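Chain and residue survey
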Amino acid sequence: MHHVVWIHGFPLSSRVYRKQLGIAGAEHVAPDLAGFGAAPAPNREYAMNDYAKDVLRLLDGKGIDRAVFAGLSMGGYIVFAIARMARERMQGVILIDTRETADTPEAKKGRYETIEKVKRGGVSVVVDAMLPKMLTPSATPEMVEEARSIMMSSSPAGVTHALRAMAERPDSSDVLRQIDAPALVIAGDADTITPPSDAERMARSLRDAAQVTIRGAAHLSNFEQPQQFNDAVAAFLRRVR
Ligand code: MLT
């Protein structure tokens, strides 16, 4: 039986994967990253490598050597950090609404400006700015409320640490080309943060990749269209096995 490790995005928690944890044919592990959901914030500066080490340490504790690593957006950046340090532990990779490239200078500057805004105004500064991009206008009010509540469970320190880690993350194009495990690259057709063109580029660089575009989904494609998403993952897991 495979283990799938679901690594959430920013500013989210493991709850964003609530609808994936019943996918048959695998055991699921979905941690909260430091400073998000129920996990305490780091007490020092964090880089993507630190989040990656936390995930690997969790797997070590559970006696899980190899797994399928799934990462949504910032979770994808962490999957690349894991690939850089422990590629041999990867049975498969699922990249969800993410990208391998580093921040542009403007994006990086924006992250540091956001850090200052969060210090003054709290987590809602980021939640209000990002929530409209997470789901399509067709999402139900209940879905929007749940996404908001997941985002609001982030701690201010968790958010500022992660913003800095994202701003400073390296380009992972080289790492992407070295991944030899089977990969599934997924993006929502209406994702404006990491559009399907990012997924296409990653799928081209990977050695063994399938690409799926989710219809009627923005950034949180797994959350907004769980049926389409889960079907794609179930088919992929049968292939990995
Ligand atoms: C995420 O969903 O993790 C973030 O949108 C990633 C980012 O801001 O680059």
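These numbers come from a predicted model, not from an experiment.

What follows is about the site of the ligand. Close to the ligand lie Gly-9, Phe-10, Ser-73, Met-74, Tyr-77, Arg-111, Met-130, Met-166, Ile-193 and His-219. Phe-10 has a polar backbone atom sitting 2.7 Å from an oxygen atom of the ligand. Met-74 is positioned with one of its backbone polar atoms (N or O) 2.8 Å from an oxygen atom of the ligand. In isolation the ligand offers 260 Å² of accessible surface; the protein chains occlude 94% of this area. For the shell around the ligand, the residue count by class is 6 nonpolar, 3 polar and 1 charged.

A few words on unusual backbone geometry. Each neighbour pair has its own omega, and for Phe-10 with Pro-11 the value is -15°, a cis peptide bond. Position of Pro-11 relative to the elements: it lies in the loop between strand 1 (2–7) and strand 2 (26–29). Unusually for a residue other than glycine, Ser-73 sits at a positive phi of about 55°. You can see Ser-73 is positioned in the loop between strand 3 (67–72) and helix 2 (74–86). We classify Ser-73 as buried; its relative accessible area is 8%.

Right, let's talk about the nonpolar core for a bit. Grouped together as the largest cluster of nonpolar side chains are 83 residues, with contacts concentrated most on Phe-10, Tyr-51, Phe-69 and Met-74. Ignoring any residue separated from it by four or fewer positions in sequence, one finds Tyr-51 in contact with Leu-33, Ala-34, Tyr-46, Met-74, Ile-78, Gly-158, His-161, Ala-162 and Ala-165.

Calculation notes
Residues numbered from 1 in each chain as written. Predicted model: local features only at pLDDT ≥ 70, side-chain atom pairs only at ≥ 80, totals over all residues. Heavy atoms only, no water. Near = heavy atom within 4 Å. Polar contact = N/O pair within 3.5 Å; in protein donor to acceptor, adjacent residues only side chain to side chain. Areas by Shrake-Rupley, 256 points an atom, 1.4 Å probe, with all protein chains shown as cover. Nonpolar A, V, L, I, M, F, W, Y, C, P; charged D, E, K, R; others polar. Helix = DSSP H or I, 4+ residues; strand = E, 2+ residues; numbered from the N terminus. Buried < 20%, exposed > 50% of the residue type's maximum accessible area, 1.4 Å probe, protein only. Core = buried A, V, L, I, M, F, W, Y, C linked by side-chain atoms within 4.5 Å. Contact = heavy atoms within 4.5 Å.

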